[in-house]
Structure formats: structure tokens, C-alpha cells
Protein chains: 2
Amino acid sequence: MTKFLEGKLSARIKVAKRSTIRESLRLIEQTDIISFAGGMPDPALFPIDLIKKACDEVLTNHSEFALQYGASEGYLPLRQEIIKRVASANKEEVKIGEDEIIVTVGSQQGLDLVAKTFLNYGDIVIVEEPTYLGGLQAFRSYGGNFIGIPCDETGMQVELIEDKLKKLSNQEIERIKFVYVIPDFQNPGGRTLSLERRKKLITLAEKYNFLIVEDSPYKELRYCGKHKPSLFALAPRGRVIMLCTFSKLFCPGFRVAYAMGGKEIIYQMVTGKQATDLCTPAFNQAVLSYVLEKDALDPHIEKLISVYREKQKCMLDSLDKYIPPLGMPSIKWTKPDGGLFLWMMMPEHIDTEKMFPKAIENKIAYVMGTDFYHDGSVKNCMRLNFSMPTLEKIEEGVKRLAKVIGSEKGIICRKQVRESMKGKE
Amino acid sequence: MTKFLEGKLSARIKVAKRSTIRESLRLIEQTDIISFAGGMPDPALFPIDLIKKACDEVLTNHSEFALQYGASEGYLPLRQEIIKRVASANKEEVKIGEDEIIVTVGSQQGLDLVAKTFLNYGDIVIVEEPTYLGGLQAFRSYGGNFIGIPCDETGMQVELIEDKLKKLSNQEIERIKFVYVIPDFQNPGGRTLSLERRKKLITLAEKYNFLIVEDSPYKELRYCGKHKPSLFALAPRGRVIMLCTFSKLFCPGFRVAYAMGGKEIIYQMVTGKQATDLCTPAFNQAVLSYVLEKDALDPHIEKLISVYREKQKCMLDSLDKYIPPLGMPSIKWTKPDGGLFLWMMMPEHIDTEKMFPKAIENKIAYVMGTDFYHDGSVKNCMRLNFSMPTLEKIEEGVKRLAKVIGSEKGIICRKQVRESMKGKE
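Predicted model only: the values in this text are computed from it and were never measured.

Basis of the calculations
Residues numbered from 1 in each chain as written. Chains lettered and ligands numbered in written order. Predicted model: local features only at pLDDT ≥ 70, side-chain atom pairs only at ≥ 80, totals over all residues. Helix = DSSP H or I, 4+ residues; strand = E, 2+ residues; numbered from the N terminus. Rg over C-alpha atoms; globule rule 2.2 N^0.38 Å. Contact = placed C-beta atoms within 7 Å. Pairing = 2+ DSSP bridges. Axes fitted to C-alpha atoms, helices over the stretch in contact; angles between N-to-C directions. Core = buried A, V, L, I, M, F, W, Y, C linked by C-beta atoms within 7 Å. Buried ≥ 20, exposed ≤ 12 C-beta atoms within 10 Å, placed from the backbone. Least-squares fit on C-alpha atoms with pLDDT ≥ 70 in both. Domains from an automatic or database assignment. Nonpolar A, V, L, I, M, F, W, Y, C, P; charged D, E, K, R; others polar. Expected span 1.5 Å × (residues − 1). Left-handed = near helix turned anticlockwise from the far one by under 90°. Right-handed = clockwise from strand over helix to strand, strands pointing away.

Caption draft 1: Spatial organisation of the overall build of chain A. Helix and strand counts for chain A stand at 18 helices and 14 strands. On C-alpha atoms alone, chain A measures out to a radius of gyration of 22 Å, which is about the 22 Å that the 2.2 N^0.38 rule sets for 425 residues. Across its three principal axes, chain A shows a C-alpha extent of roughly 75 × 55 × 55 Å. Of the contacts made within chain A by residues no fewer than 6 positions apart, 77% connect residues no fewer than 24 positions apart.

The structure is reproduced here in C-alpha cells:
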């Protein structure tokens, strides 16, 4: 970099890290590598005919609004459709007002606006370990610091928060602006926060006076088990900001998402959005609005669920079949009730970042886990996506992955394990 | 606001001001008020058939990319089309590389990303007086302070900059990150920066080592006079970041814009965009890409120019005809060579903000000038938009405006002037 530029850059951009996912995707997706990286929906499932019909309808009857500048808070008919939707029995079952919702350009913009609205340099965000790296990026870019809380099978270990807080000064506690949590089929861990922990987290937020930012992009993609009420539904209004998106349910290419929260908070986020991009594209909102109005989204989601459920099963079955070592507790993976990802945990001496070139050599890609930790401290994990590849590629990809892992020092590959165990059976 | 929330908000959002334009538009546009506020294109000119064709083509042949997540720097085929376009003889005539451009959600996001990339709290931006308030909002939200330079008929009085700088310490000069300039048919003033001043500004930027952010949304909407080379074209690469948009040339509802600059700067802006919203909607970019590929934009721009030229003439003629007082130098307005706005300057004792309720009572709206000044110091100006209303409404609106202004203290309305002048003729 030129010295001139070095001197001009902001502190935030100097420490900003690009997403290794987005960087590596650019390379991976032009080759014959099977990719478990990324978090993309299956393009074979895009509702093209529905979108065609919606575009035509919008351009024929609503062009005056759909092609013009729109309100920063979002296209009113879309907000009204969303309000109806979240009130219904199989969704959040909450009634919100038109001033308690803002439409955003993807949920990433929701994260950006939350950070813009609440974070001063040095403020603190409580995050899961691991957590969504786009959240870390957004919070870092406004000077956020982190307190990490590890996850187990039922999500963030909420009961550890209070111990951490007790070690802080009152001044430090005041700098905690919010806890960032992805309660449903978490990215990257795939875990779902238990109802008990949801309630406990709200109690803590009330006691220590911080907000909760609930990021729930996958919630409607549940493949088994029972729907859990959102923190937004469980808490008093104003305590939780819930981020939702149509990227996984409709398609990412329209970038339509929304945030719900207390009206005072939404007001501030709208102010922030004015300075950020004026408004979300009206056309995209009008198309979504038509799709919701025609009740066309829910049948599409049913279709997504049936395909992704099968893909997830295929990945889990393949992992059971191919991943070494048999019967040893050192390689584990999550079995999420929904979403797009599994999380795989290796023996501690394995560094998935160092292993990555070998994976690419074997034409299989994953996302190394390190970037999902605010402090980069955990090296032995990886995130595996199953929504994008075909069933055939999932099985073949897991085979390749097993070969890569099996060739690591200290890992006994399945065949050897079987042979060494023969005598004992 | 609840005390709880007050304590949690970031410093930047506490001082953020909403755009009075965006706020008042919401009220104005649902009534029979004639609005010279806003800065919207005429919806009667939206190229609906072209967009229909483009949507259909994109959905039929490019859905796999257009409906998926895209690269943070923008859809490659669109960037390639833009690169071709800016290289052509009647545009910027500059050759840029694929890594010297980023696609943004409107130029407002360009402003946000520039601020995110360069501004630390307390850094300085040199701005025109008046200047685009969305620029002020974006820079303020990252802690920017301002040095204002007044404009005259040929734009920012660049020759005054050096005097201002001489009063600053070296440390303060180092905190000047960039000058923000809208050189063509400026918003709100309508003025165009002379070639001489463009060159002078570049020389100063090199001497004092600051960047130039050239915001040029209206450049291709020129109604008379000769095209002026952009600062981006005149300066060494890396010195100028140029913001351009399709909002005024195609339609605002797609929110597709782009920034061009040195590749090191664009790299940093892409990093910033990852954390802000991941990517601009791929669908919107693919539609624009098709429109450019088919050479369909330039003929559309010709149409816009012929209609807007006529509307501008209508507004100028109506102002000449109706605005009091005849022959007095105290009410002046600009006669821009292009763009969407005129700027009207009243006698100093008139406060256009205080006059606004009377205007609304008379069913005519404008934007008060105060918000376009970084320090809010100028009260006696207003911005008038002529792109949105019909010819009939422009004339009727100016009549109403003349009545409102004529009823202000110290303003002699036309009829009275005429009568009082009779004896002297």
C-alpha cells in the first residue's frame, strides 16, 4: 500500500478483516472442487416462475412506486405483509406495529445498522463462541469489543454469562450494549438455544440492562423437532431486536430482509439507514410484497425443507459412513434440527486452516472454524454446508474430506481402525 | 425516549439528523400539494417495457447468478459494461480496470463507504456551501467535521481553500481526509465547477495530500453547454474517487450505483462493504447489465434530457414571469446547465424554514436551504426541483410560490411593484 493511503485510512478499516469465506468462494466456485464452504441456497430451487410473474405484475401495476425512491423504513405494503405474517400462528405469533419494523438490504445491513445505532469505540458485545463472522465484522467496524460465551448442544451457555459479568467493573458492564445470539440452527454451529436458556437470557438482559440482538435467518428451515418461540416473542417489547431475512426462504439475489424491535429503536435505525443508503430497492420490496400477498412463499418453503432435509440426512449418513476414526470420540459433528450447516470438531492438534491446502488439493472445500471465534482462538473446527451441493456431491465430498482428515498426523483412518479392531471384536 | 435507550445509543446516532427532505416528502406526496421538494425522476419516463424485457431475459438465462449471493465488489458482467461505457468518447474517456470499480446500493452507499474507509472521529472533510445533505449525513455518522467553501456561479470557490488551510496547524491539515465536491449541476445549487477550478482543486489535493470525492449523479443530464471532463479523468489515478449512479438515468427503484477509484482504495471499500451488506442485489445488477449490453440506456437518456430540458425552461420562464419583485436584485436563482434543481436565494431577512408552513398552506412545497449547509448558517435559500412535476404543475406551483414569497415582510409583490413603477415609466 502507498504510504499516502496508509496515512489516510480510518482505524476501523485498517483492522477490518475480509471474510475468508467470501474470498475463497471466488476461487472455489470456478473449479471442479466440491464446496461445503459458503452458505448459499440451492439455485435449482429458486422460484423462477413465481419471480417472473411477480416482476411482471409489479411492472404492470406498481411501477410508479416500485421504480422510484422509497421510504427509508421500507415499502409500506411489504411491511404490512410481514406484520401479518409474523402474527400468524405458525410464525412468531407477535403483533407489531408499522413503526416496529425496518426493511434492510440483507440481514447483514441489519447488523450494520444495529452496530451504527449502539456501538461507540470500545463498547462491548457478548457473542457466542463460535458465532457468525459477518456479525463480528459489522460490530468490529464500529469499534466493538467482545466477550465470548461458549456453546454446547443447546446453544450459548447462558448460565456462564453472569460469572463473566461479575469479573467486570460497573463501568465495563455499562459498556455492554447487547448480546448477539443466533438461536435457531446457529451459523456456524447448527445448534438451537433451549427454551430455558432463551428465558434465562432475557432475565439477564433485564437485570444487567443490555439489549438482545436475535439473528434468525434459518428459523423457518426446520427439518425436525418443534418450533421454539423467538426471544423477540418471549421478551417485553423493546428488549430484543430480531433480524430476519428472505435470502434463504426466497432468494439471496433480491437482498430483502427486515429487523423488528421497539419503535424507539427502529426509529434510530431508520435514521442510520438514511445516511447509509437512503432506502432498500423499492422494486425488490414490491416483488416480495406480491409473493407474500399471494401466499406463495410458504408452499415454496415446504419444498425447500423437503429437499434440504434430504441433503442434511445425506451428509450425516456420509459422515457416519466415511469419517475416521470409528468409535473414537475425537471427531464430532453437530446434528442440527434445521438450517444450512453442520459443525465439525477435530482433535485439538488439528489445525483446519493448515489442512485447507490439502483439502483443495483433494478438491474439497470447507470453511475453517477460526474466523467464527472473536479471538481466533479455536483452530480445530470446520463448517460444512449441505444446502448447495447435490446429493451425489455431498457423498463424494465427504469421501474426499475423510481422505484428507485421515491423512493427518494422529488420525487413524477408518480402514486401519477397522483392521486394528478386528482382533478385539 | 426511555432513559434505558438514551444510555445505550451511540454518540453518532445521538447527533444524527434526519433528512427534512425525506421526512417532509412522506407528508407532501399524499396530498394535493405541488411539490418542488424531493429530487425524484419523473415516473412517467420510467422505461417500463425495457425493464420488463430485461427482467425476463435475466430470469430466463441468468437466474443461477442473478438470484444468488454475489461478489461484494459487484457483478462482473455489469462492471465490465460500465468499464466499456466510461471509456467511450462521450463519457469519461478513462480506462479503468475491474479492480478500480465497486457497485453500490445507490451513491449514498458510496458516500457511506468512503466515510467508513477514511474517517476517524474528528477528521475533516472540505465541503461546498451549500452541499448535498446526504453527504453531510454520511460523513457526520463517522465523526467527520467540516470546512465549508462557498460557491459562486462556477461552483466551489477553490481559490479560497488555501487561505483556510493556512490558518490550520499541520496536525489539522493531516486530518483533512478529502474534499467532497459535486462538480456538475450541483445538488442543491445547480452550479457547474469550471475547468480551471477542477484543475486547481487537483493541484491543491496533490500539494496538501488529500483525496477528492467527486459525486456526479447528474452529469449525463446536460441540457446546454459543453461536457466538462471529470476530476477523475483529469487527476492521476488514486487521487479521486468518483461516485456515479443509474438512479437518475435508469430508475431509482433498482438502487444501482458505482464508485471508481485507485485499486487500493476500491479494495478497502470492498472490505467495508462486506461488513455493511455483503453485496448489492445481484438481480438488480444483472438487469442493468442487460440494459447496458443492449445499448438501451443512451437512447433513454436522450429522452430524459429532452423532457427535463423543457421542464427546466418552464420553471425558469415561470420564475421570470411570477417571482417578485421585478427588477430588484434581492431574489436570485441559478440557471443550471443540467440536473434536476434550481437554487433560489432570497433577501437575507427571509427564513425559508419559517416560511414553510405558509407555503404548505398555499399547497406548494420546496426544500429549505439550511440543511445543505454543514453549519446550518444560511437561512434564506431554497431548492426547487423541476424533474418530478408536470409542466402545468410547474407553472401553477411557481405562481403559488410567488404568492407566498410576495406576502413576506419587506417583499413587494409583482403587482404592487408594477403599480408603484407606473408613474416612473
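Caption draft 2: Representation of the sheet that holds strand S2 (residues 101–105) of chain B within the structure. All names here are of chain B. Reading across the sheet, the 8 strands line up as S2-S9-S8-S7-S6-S3-S4-S5 and stay open at both edges, with mixed pairing between neighbours. Strand pairing shows two members of the sheet lacking a second neighbour, S2 and strand S5 (155–156), which therefore form its edges. For strand S4 (residues 145–152) and S5, the ladder comprises 2 bridges, and the chain directions are antiparallel. Bridge pairing in S5 places aspartate 152 opposite glycine 155. Strands in contact with helix H7 (residues 106–118) are S2, strand S6 (176–181), strand S7 (211–215), strand S8 (240–245) and strand S9 (256–260); relative to S2, the strand with the most contacts, it is inclined by about 115°.

Caption draft 3: Up close: the sheet that holds strand S11 (residues 341–345) of chain B. All names here are of chain B. Taking strand neighbours across the sheet as the criterion, the 4 strands line up as S10-S11-S14-S13 in an open arrangement whose pairing is antiparallel. Among the strands making up the open sheet, the edge pair consists of strand S10 (332–333) and strand S13 (367–368). Here S11 pairs with strand S14 (residues 381–385) via 5 bridges, running antiparallel. From the neighbouring strand, methionine 345 faces S14, where its bridge partner is cysteine 381.

Caption draft 4: Quick look at the nonpolar core. Ranked by internal contacts, the top residues of the largest apolar core, which has 174 residues, are Ile212 and Val287 of chain A together with Ile212 and Val287 of chain B. Ignoring anything within four residues of it in the chain, the contact list for isoleucine 212 of chain A reads Phe178, Val179, Val181, Leu201, Ile202, Ala205, Leu231, Ala235, Arg239 and Val240 of chain A.

Caption draft 5: The relation of the copies chain A and chain B, seen in detail. Take chain A, turn it by 180°, move it 0.0 Å along the axis, and it overlays chain B with an RMSD of 0.0 Å. The transformation relating the two chain copies, once decomposed into turn and shift, fits a two-fold axis. Every residue of chain A has its C-alpha some distance from the rotation axis, and the shortest such distance is that of cysteine 55 of chain A, at 3.6 Å. The overlap is high: 100% of the interface residues of chain A also sit at the interface in chain B, so the same surface is used on both sides.

Caption draft 6: Up close: the environment of serine 387 of chain A. Residue and element names in this part refer to chain A. Mapping serine 387 onto the fold places it in the loop between strand S14 (381–385) and helix H17 (391–406). Residue classification places serine 387 among the buried positions, given that 22 C-beta atoms sit within 10 Å. Remark: the alpha-carbon pair of serine 387 and serine 289, spanning 98 residues in sequence, is separated by 25 Å.

Caption draft 7: Just the domain arrangement of chain A, in detail. All names here are of chain A. Assigned domains within chain A: domain 1 (3–46 + 299–417) and domain 2 (48–295). Distance from the C-alpha centre of domain 1 to the C-alpha centre of domain 2: 25 Å. Opposite the 30 residues of domain 1 that make contact, domain 2 presents 33 residues. Listed by contribution, the elements that provide at least two residues to the side of domain 1 that touches domain 2 are helix H2 (11–15), helix H15 (297–322) and strand S11 (341–345). Per-element accounting of the side of domain 1 that touches domain 2 gives the leading share, 6 residues, to H15. For the side of domain 1 that touches domain 2, the residue count by class is 16 nonpolar, 8 polar and 6 charged.

Caption draft 8: Examining the interface of chain A and chain B more closely. Each partner contributes to the interface: chain A provides 68 residues, whereas chain B provides 68 residues. Of the residues contributing to the side of chain A that touches chain B, the split by class is 32 nonpolar, 22 polar and 14 charged.

Caption draft 9: Quick peek at unusual backbone geometry. With an omega dihedral of 0°, the bond running from glutamate 129 of chain B to proline 130 of chain B counts as a cis peptide bond. By the secondary structure assignment, proline 130 of chain B is in the loop between strand S3 (124–129) and helix H8 (133–140). Cis geometry is found at the peptide bond from asparagine 187 of chain B to proline 188 of chain B, where omega equals 15°. With respect to the helices, strands and loops of the structure, proline 188 of chain B is situated in the loop between S6 and helix H11 (195–208). Positive phi, close to 50°, is recorded for phenylalanine 185 of chain A, a residue that is not glycine.

Caption draft 10: Summary view of the environment of arginine 191 of chain A. Residue and element names in this part refer to chain A. Tracing the backbone shows arginine 191 in the loop between strand S6 (176–181) and helix H11 (195–208). Arginine 191 gets classed as buried once you count the C-beta atoms within 10 Å, which come to 25. When the C-alpha positions of arginine 191 and glutamate 264 are compared, they lie 31 Å apart, and in sequence the two are 73 residues distant. Excluding residues that lie within four positions of it along the chain, arginine 191 makes contacts with Cys151, Glu153, Thr154, Gly155, Gln186, Thr334 and Pro336.

Caption draft 11: Spotlight on helix H14 (residues 282–293) of chain B. Residue and element names in this part refer to chain B. In this model H14 runs 16 Å from its N-terminal to its C-terminal C-alpha over 12 residues, within 8% of the 16 Å that 1.5 Å per residue would give. Across the 12 residues of H14, 11 count as buried, placing the element largely inside the fold. Residues Ala282, Phe283, Asn284, Gln285, Ala286, Val287, Leu288, Ser289, Tyr290, Val291 and Leu292 constitute the buried set of H14. Of the residues flanking the end of H14, it is aspartate 295, one or two places downstream, whose phi is positive at about 55°.

Caption draft 12: Region of the structure containing the packing of H7 of chain B against H8 of chain B. Residue and element names in this part refer to chain B. Packing of H7 against H8 leaves a shortest axis separation of 8 Å and a crossing angle of 30°. In this structure, H7 meets H8 at a crossing whose hand is right-handed. Facing Gln108, Leu111, Asp112 and Ala115 of H7, the residues of H8 in contact are Gly134, Gly135, Ala138 and Phe139. Residue composition of the contact of H7 with H8, by class: 4 nonpolar, 3 polar and 1 charged.

Caption draft 13: The arrangement of H17 of chain A in detail. Helix length check: H17 of chain A (16 residues) gives 22 Å between terminal C-alpha atoms against 22 Å at 1.5 Å per residue, within 8%. Within the sequence span of H17 of chain A, burial applies to Ile394, Gly397, Val398, Arg400, Leu401, Ala402, Val404 and Ile405 of chain A.

Caption draft 14: A look at the pairing of S7 of chain B. Residue and element names in this part refer to chain B. In terms of burial, S7 is a largely internal element, 5 of the 5 residues being buried. In the sheet, S6 pairs with S7 via 4 bridges, with the strands oriented parallel. When the sheet's bridge partners are listed, valine 181 is paired in S7 with glutamate 214. With H11 bridging S6 and the parallel S7, this β-α-β connection has right-handed handedness. Here S7 runs beside S8; their pairing, made up of 4 bridges, is parallel. The partner of isoleucine 212 across the bridge, within S8, is valine 240.

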